[in-house]
Amino acid sequence: MKNALITGITGQDGSYLAELLLEKGYHVYGIMRRKSVVDYGNAEHLKDKVTFIYADMTDPISLISAMKQSQADEVYNLAAQSFVATSWEQPLATTEIDALGVTNILEAIRIVKPAARFYQASTSEMFGLVQEMPQKETTPFYPRSPYGVAKLYGHWITKNYRESYNLFSCSGILFNHESERRGKEFVTRKITDAVARIRHGVQEYVELGNMDSKRDWGHSKDYVRAMWLMLQQDTPDDYVIATNETRTVREFVETAFAHVGITIEWQGSGVDEIGLDKASGKTIVKINPKFFRPAEVDVLLGNPEKAEKVLGWTREIPFAELVKRMVDQDMMLVEKEIRIANIE
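Residues numbered from 1 in each chain as written. Predicted model: local features only at pLDDT ≥ 70, side-chain atom pairs only at ≥ 80, totals over all residues. Heavy atoms only, no water.

## Some remarks on the pattern of salt bridges
One pass over the structure, following the stated rule, counts 23 salt bridges. The partner of D238 in a salt bridge is R162, and the shortest N-O contact between them spans 3.0 Å. Residue D238 is found in the loop between α7 (220-230) and β11 (239-241), and its partner R162 is found in helix α5 (residues 146-165); the two are separated by 76 residues along the sequence. What emerges from the salt-bridge pattern is a single network uniting K184, D193, R197 and E337. (Salt bridge = Lys/Arg side-chain N within 4 Å of Asp/Glu carboxyl O. Helix = DSSP H or I, 4+ residues; strand = E, 2+ residues; numbered from the N terminus.)

Here is the structure:
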């Protein structure tokens, strides 16, 4: 039986990855930060199947201890301050976790068990002001946020440890991937939650930022499978994981509302744009300048050809199905909230 250690196990990707590894017979260890109230997040349903270890990405001693306790054969670093908008408000904290934290966990591996295989969660945000369409492993990086800059450090230090210490260390340059477990601070989940609330009559409208931003959206469940595949290869390498399809935020909004029977009619443009429910004429989408980024990333589109060829990876959940799953989950959650409120 292999041992796996997952940082960020309570998040979206961490919980799906833990499920995958458990299905494959791994003994899974997960790192959690100690809080006044224990919070398993998305891994709540796994708390009796996973061995949790208290540690912190900014505390090297705790990571060394976690490696000693887990004796991990595979380490997946998914821990991060992963919200781009917050990285402008907390640039130093983002740097400590997303950049220096990677060095901390790599050092823990090097000291305790250098034979362990390491996966680093890199991001398409490293491409930022894109230099090539579509983006692939050799495309030059140009990050446009403190988050993207910190992640680029993590990406390069992973490559550096591979070349300097002969560690089996890989980076997955994952493009936007969402799911029913996505946090509400992310625009996709903000949209699907609002769709459910507007459909149930408990919210009037949703405020969003740049509707013309284009993203390459896939489902987290497909993407964690790619992470595992990277660590099963004979040689460590870096891979772009994407769908090679791009959609605007506006398309995501339209697809989500259409799933509950609401067709949107757009009026105005830019910061003056609004979306109307075509049937009622009510405003259900408003554009708010405060949700625009200081430095915008206009388009991200990934080429997964290398991952498809070398790893044998293919995405299985298409865009429309991704949006449908997210909306259906939020419809169910909002219905539950309404039932509880009526009982009380």
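## A word on helix α8 (residues 249-259)
Listed in full, the buried residues belonging to α8 are V249, R250, F252, V253, A256 and F257. Across the axial projection of α8, the buried residues extend over an arc of 160 degrees, all falling on one side. Tucked inside the fold, the buried residues of α8 contact α6 (187-199), β8 (206-208), β12 (247-248), β13 (264-267), β15 (283-287) and α10 (319-343). The positive-phi residue at the C-terminal boundary of α8 is G261, with phi of around 85 degrees. (Buried < 20%, exposed > 50% of the residue type's maximum accessible area, 1.4 Å probe, protein only. Arc of directions from axis to C-beta. Contact = heavy atoms within 4.5 Å.)

## Comments concerning the side chain of S220
Along the chain, the position of S220 falls in helix α7. S220 sits in the buried class, given a relative accessible area of 0%. Discounting chain neighbours no more than four positions away, the residues touching S220 are Q12, D13, Y16, H177, E178 and S179.

## What to know about helix α2 (residues 60-70)
Among all positions of α2, only S62, L63, I64, A66, M67 and S70 are buried. Each element contacted by the buried residues of α2 is listed here: β1 (3-7), β2 (27-32), β3 (51-54), β4 (74-77) and α4 (91-112).

## Overview of the packing of α4 against α5
Contact geometry of α4 with α5 gives a least axis separation of 8 Å together with a crossing angle of 15 degrees. Our classification of the angle between α4 and α5 gives roughly parallel. Viewed along their axes, α4 and α5 form a crossing whose handedness is right-handed. In this structure, α4 contributes P91, T94, T95, D98, A99, L100, V102, T103, L106, E107 and R110 to the contact, and α5 contributes P146, Y147, A150, K151, Y153, G154, I157, T158, Y161 and Y165. Here the residues of the contact of α4 with α5 sort into 12 nonpolar, five polar and four charged. (Axes fitted to C-alpha atoms, helices over the stretch in contact; angles between N-to-C directions. Parallel < 35°, antiparallel > 145°, perpendicular 65-115°, else oblique. Left-handed = near helix turned anticlockwise from the far one by under 90°. Nonpolar A, V, L, I, M, F, W, Y, C, P; charged D, E, K, R; others polar.)

## Details of the sheet that holds β13
Overall, mixed pairing links the four strands, which are arranged β8-β15-β14-β13 in an open sheet. The open sheet has two free edges, formed respectively by β8 and β13, since each of these has just one partner strand. When strand polarity is set aside, the average angle formed by the axes of neighbouring strands in this sheet is 20 degrees. Its contacts with the sheet place α8 against β8, β13 and β15, and it is angled at close to 145 degrees to β13. (Pairing = 2+ DSSP bridges.)

## Notes on the pairing of strand β6 (residues 168-174)
Within β6, seven of the seven residues are buried, which leaves it mostly tucked inside the rest of the structure. Of the two faces of β6, both are covered, the one formed by F168, C170, G172 and L174 as well as the one formed by S169, S171 and I173. As judged from the seven bridges shared by strand β5 (residues 117-123) and β6, these two strands associate in the parallel manner. Paired with T123 across the two strands is L174, which belongs to β6. Each parallel crossover has a hand, and for β5 linked through α5 to β6 it is right-handed. (Right-handed = clockwise from strand over helix to strand, strands pointing away.)

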